[in-house]
Amino acid sequence: MQPGQAREFWGHLSTEPAGPREFRAALGLIALSAMVFVAALPFAATPLAKLPAFIPIYVTALVICDLITAVLLFSQYRALQSLELLVLGGGYLFTAAATAAYALIFPGLFAATGLLGSGPQTSSALYMFWHGGFPLMVMAYARVKAGGSGRPSFNRARRLRAQMVIVLMVALVLATVAAFTAFATAGHEHLPVFLHGDRTTAAGRAVLLGVWTLSLLALAMVWRRRPHTVLDVWLLVVMTVWLFDLALAAILNTGRYDLGWYAGRIYGLLAAGFLLIVLLSENARHYARLVRLSADLSAANDQLWQLSQQDGLTELANRRAFDRYLAEQMAVAVRHKRALALVLIDVDHFKAYNDHYGHHAGDLCLKRLAAALQACCRRPADMAARYGGEEFALILPDTDLTGARHTAEAARAAVAALGIEHSSCSTGPHISVSIGLAMVDPSRSMTMAQLIVAADGALYRAKEGGRDRVVAGPPDR
């Protein structure tokens, strides 16, 4: 994989610099959200009907979105060892846990006054805790410098440490939410009056304004953190929509179940979904890249395998492929009592050819001979191989002596038909070959080494007998 491809493959939202496309998409969403906010602003205090099913639907969707986002961020922290991802994942886990606790104590959802012995101000206190805690986590994210290398870590010890850190973060967040929930329920008589009936009091509005200011500071801190990554840009979108949520649902409206209250919670759900959608899209993109990389590696491995089994000059099977294939066919022949023929071919006086015509001409000669021998292998199971130097071999499964001799004679004739000039050849003015063949006797046990020795002995006798001929060796020698 080239360096550019590596950067593309390993790029993550937290490490990849934001480009014009990300900024344009983020500004478009912010502009659209702002237009909806301005359109809803004059009607924020308009009372609407109480819909008991709205809160459970809203809370369920919010908890699921935030939990999935937290899991994705924790998994990226485990891979990249970047502390800022741990903090932001903790922030999203905090909102999921706080939202779940908010649902338990919301009046009328599970009980008339909420579960866990909550009082009239418990849900409001938990709402402010929830909306104040997340901006603090975002501010911590903006302050923390990236501690990872930007590439996944395959070190087992580091990944185990990261898992332990994630467990500690999860325990800390859940303990914090549980502690505040216990305080807001058991000590609800000590809470200020944030809500009178369904109307927000002056004290509640003042606290909510402080929470809104805290969210604005978090937005400013993320904006000042440069250079912006893709994650930073989408976090800016989340915090902007979060501000619209707070403004409509808690500050500019009158209380529960008015238009601002409903619209603000819809903004909150959108804020939870933006980053989740981007993270899921990133995972899909990485998966597509992984599929492409796997396909490229598989193709490269196939090519390497072919190269490792192929002679570089003649493009026939090389000695390694010859040994492997002959061993396989020997095992089949011995097990199933089938015939197997081995043909060894040697170019006559090839050293003299090289000395007279040069090595380049010798290489061209071997290439032409290889093509001619390959053409003699007419069945898919037949193999032509370069045995070594100017020696070639044919492996002919399920071939009896008559068929093997016929193929060997065809190979000798094919070489003669090439008419390659050879002035130093004892058999004539053209290149010729000597051929020895041996058979596996299906009725007798025989090893691969014995078969090769038998074929080599036959080849030796073909040379001794005057060359340019085919000699068959006995199967037992």
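Asker: It is not clear to me how the overall build of the protein chain should be interpreted in this structure. Could you clarify?
Answerer: If you tally the helices and strands in the protein chain, you get 14 helices and seven strands. Considering only contacts within the protein chain whose residues lie at least 6 apart along the sequence, 75% involve residues at least 24 apart. Of the roughly 22900 Å² that the protein chain leaves accessible, carbon and sulfur atoms contribute 64%.

Asker: Would you mind going over a nonpolar patch on the surface with me for this structure?
Answerer: Residues Leu32, Met35 and Val36 make up a contiguous nonpolar surface patch of roughly 300 Å² in combined accessible area. Here Met35 lies in helix α2 (residues 20-40). A residue is classified by how much of its surface remains accessible, and Met35, at 56% relative accessible area, is exposed.

Asker: Hey, could you run me through helix α4 (residues 83-105) in this one?
Answerer: Every α-helix winds through 3.6 residues per turn, so residues three or four apart in the chain are directed the same way. Here α4 spans 33 Å end to end across 23 residues, near enough to the 33 Å set by a 1.5 Å rise per residue. Counting buried residues in α4 gives 20 out of 23 residues, a clear majority hidden from the surface.

Asker: Just to check I follow, could you spell out the packing of aromatic side chains for this structure?
Answerer: For any pair of aromatic rings, the description consists of the separation of the ring centres together with the inter-plane angle of the planes. In total, this model carries twelve aromatic pairs according to the counting rule given. Ring centres of Phe37 and Phe244 lie 4.8 Å apart, and the angle between their planes is 20°; this geometry places the pair in the stacked category. Here the residue Phe37 occupies a position in helix α2, and Phe244 occupies one in helix α8 (residues 230-251), the gap between them amounting to 207 residues. Assigned by exposure class, Phe37 and Phe244 land together as buried.

Asker: Quick question: what am I supposed to make of empty space enclosed by the protein here?
Answerer: Where empty space is left becomes clear once a probe the size of a water molecule has been rolled over the atoms. Following the criterion strictly, the structure yields two cavities of 30 Å³ or more and no others. Estimated volume of the second largest cavity: approximately 90 Å³. Along its surface, the second largest cavity is lined by 15 residues, and Leu62, Asp66, Trp242, Gly268 and Ala272 are the ones closest to its centre. At the level of elements, α3 (54-80), α4, α5 (122-143), α8 and α9 (259-308) are the ones that each hand at least two residues to the lining of the second largest cavity. Taken together, the residues of the lining of the second largest cavity break down into nine nonpolar, four polar and two charged.

Asker: Would you take a moment to explain the pairing of strand β5 (residues 391-397) for this structure?
Answerer: On a regular strand, one side chain projects to one face of the sheet and the next to the other, so that they alternate. Burial analysis of β5 places six of its seven residues in the buried class, the great majority of the element. Here strand β3 (residues 340-347) pairs with β5 via seven bridges, running antiparallel. Note that in β5 the partner of Asp346 across the bridge is Glu391. The pairing of strand β4 (residues 383-388) with β5 spans five bridges and is classified as antiparallel. The residue bridging Ala385 from the neighbouring strand is Ala393, located in β5. From the end of β4 to the start of β5, which pair antiparallel, there are two residues, and Gly389 there has a positive phi angle of about 60°.

Asker: Just to check I follow, could you spell out the pattern of salt bridges for this structure?
Answerer: If charged atoms from side chains of opposite charge come close, those side chains can pair. Taken as a whole, this structure holds twelve salt bridges when the rule is applied. Glu84 serves as the salt-bridge partner of Arg225, at 2.0 Å between the closest nitrogen and oxygen. Here Arg225 is found in the loop between α7 (202-224) and α8, whereas its partner Glu84 is found in helix α4, with 141 residues between them in sequence. Looking at Arg225, the relative accessible area reads 17%, which means it is buried. Glu328 is the partner of Arg324 in a salt bridge, and the nearest nitrogen-oxygen pair spans 3.2 Å. One end of the pair is Arg324 and the other is Glu328, both in helix α10 (residues 319-336) and four residues apart, which spans about a single turn. Under the relative-accessibility criterion, Glu328 is labelled partly exposed at 38%. Overlapping salt bridges, with partners in common, bring together Glu84, Arg225 and Asp232 in one network.

Asker: What should I look at first to understand the nonpolar core in this one?
Answerer: Side chains of a nonpolar character, in soluble globular proteins, are inclined to be buried together. Membership of the largest hydrophobic core comes to 89 residues, with the highest contact counts inside it found for Leu88, Tyr92, Tyr127, Trp130, Leu235, Val238 and Leu275. Listing elements by their share of this core, those giving two or more residues are α2, α3, α4, α5, α6 (156-186), α7, α8 and α9. It is α8 that provides the largest number of residues to this core, a total of 19 residues. In this structure, Leu369, Ala408, Ile420 and Val433 belong to the second largest nonpolar core, which totals 29 residues.

Asker: In this structure, what is going on with the packing of α3 against α9? I would like to understand it.
Answerer: Helix-helix packing is characterised by the crossing angle of the two axes and by the distance between the axes. Put simply, α3 and α9 touch, their axes get as near as 9 Å, and they point 30° apart. It follows from the interaxial angle that α3 and α9 lie roughly parallel. For the element pair α3 and α9, the recorded crossing hand is left-handed. Listed contacts from α9 to Phe54, Ile55, Tyr58, Ala61, Leu62, Cys65, Asp66, Ile68, Thr69, Leu72, Leu73 and Gln76 of α3 are Trp261, Tyr262, Arg265, Gly268, Leu269, Ala272, Leu275, Leu276, Leu279, Leu280, Glu282 and Asn283. Among the residues making up the contact of α3 with α9, the classes are represented as 17 nonpolar, four polar and three charged.

Asker: Help me understand the sheet that holds β4, please; the structure alone is not making it clear to me.
Answerer: Note: strands within a sheet are paired through backbone hydrogen bonds, in either parallel or antiparallel orientation. Ordered by their spatial adjacency, five strands build an open sheet running β4-β5-β3-β6-β7, and the pairing between neighbours is mixed. Two strands bound the open sheet, and with one partner strand each, they are β4 and β7 (470-472). Averaged over all pairs of adjacent strands, the angle between strand axes in this sheet comes to 20°, irrespective of strand direction. Sheet topology places strand β6 (residues 433-440) next to β7; three bridges connect them, and they run parallel. Bridge pairing in β7 places Gly436 opposite Val471. Along the sheet, helix α12 (residues 359-375) contacts β3, β4 and β5; its crossing angle with β5, the most-contacted strand, is approximately 10°.

Asker: In this structure, what is going on with the environment of Leu326? I would like to understand it.
Answerer: Relative to the helices and strands, Leu326 is located in helix α10. Taking relative accessible area as the criterion, Leu326 reaches 0% and is therefore assigned buried.

Asker: Would you mind showing me how to read unusual backbone geometry here?
Answerer: Of all residues except glycine, most have a negative phi; of all peptide bonds, most are trans. In the segment running from Arg226 into Pro227, the intervening peptide bond is cis, with an omega of -5°. For Pro227, the location among the structural elements is in the loop between α7 and α8. Phi at Gln81 is positive, roughly 60°, even though this residue is not glycine. Along the chain, Gln81 falls in the loop between α3 and α4. On the basis of relative accessible area, Gln81 is assigned to the buried category, the value being 14%.

Cut-off values and rules
- Here the residue numbering is sequential within each chain, running from 1 through the sequence in written order.
- The predicted nature of this model means local features are confined to residues of pLDDT at least 70 and side-chain atom pairs, given and counted, to a pLDDT of 80 or more, with totals for whole chains, interfaces and linings taken over all residues.
- To get the side-chain values, all heavy atoms of the structure are used, and hydrogens and water are removed first.
- Where helices and strands are cited, they refer to DSSP runs of H or I of at least four residues and of E of at least two residues respectively, numbered from the N terminus.
- Working rule for contacts: check all heavy atoms of both residues, and any pair within 4.5 Å makes them a contact.
- All accessible-area figures derive from a Shrake-Rupley calculation using a 1.4 Å probe, and residue coverage is judged against the displayed protein chains alone.
- Only residues whose relative accessible area exceeds 30% and that take part in no salt bridge are eligible for patches, with like-charged residues grouped when within 9 Å of each other and nonpolar side chains (Val, Leu, Ile, Met, Phe, Trp, Tyr) grouped when within 5 Å.
- Put simply, a salt bridge is a Lys or Arg side-chain nitrogen that is within 4 Å of an Asp or Glu carboxyl oxygen.
- Relative accessibility under 20% of the residue-type maximum defines a buried residue, over 50% an exposed one, and the middle range a partly exposed one, all with a 1.4 Å probe and only protein chains included.
- Working rule for helices: expected span equals 1.5 Å times residues minus one.
- Only Phe, Tyr and Trp rings are paired, with Trp represented by its six-membered ring, and only when their centres lie within 6.5 Å; those with planes under 30 degrees apart are stacked, over 60 edge-to-face, the remainder tilted.
- A pocket here means an open set of points on a 1 Å grid, computed over the protein atoms alone, that has protein on both sides within 12 Å along at least five of seven lines. A cavity is instead a set of points where a 1.4 Å probe fits but cannot get out; residues with an atom within 4 Å of a point line either one.
- Grid points are joined across faces, edges and corners, and a volume is the space filled by probe spheres set on the points.
- Amino acids are sorted into nonpolar (Ala, Val, Leu, Ile, Met, Phe, Trp, Tyr, Cys and Pro), charged (Asp, Glu, Lys and Arg) and polar (every other residue, Gly among them).
- At least two bridges found by DSSP between two strands is the condition for calling them paired.
- Only buried residues count toward a nonpolar core. Its members are Ala, Val, Leu, Ile, Met, Phe, Trp, Tyr and Cys residues joined through side-chain atoms within 4.5 Å.
- Structural elements are reduced to axes, namely lines fitted to C-alpha atoms, with helices fitted over the stretch in contact, and the angle between N-to-C directions of any two is expressed from 0 to 180 degrees.
- These descriptions rest on fixed angle ranges, namely under 35 degrees for roughly parallel, over 145 for roughly antiparallel, 65 to 115 for roughly perpendicular, and the rest for oblique.
- By the definition used in this description, the sense in which the near helix is turned from the far one sets the handedness, with an anticlockwise turn below a right angle giving left-handed and a clockwise turn giving right-handed.

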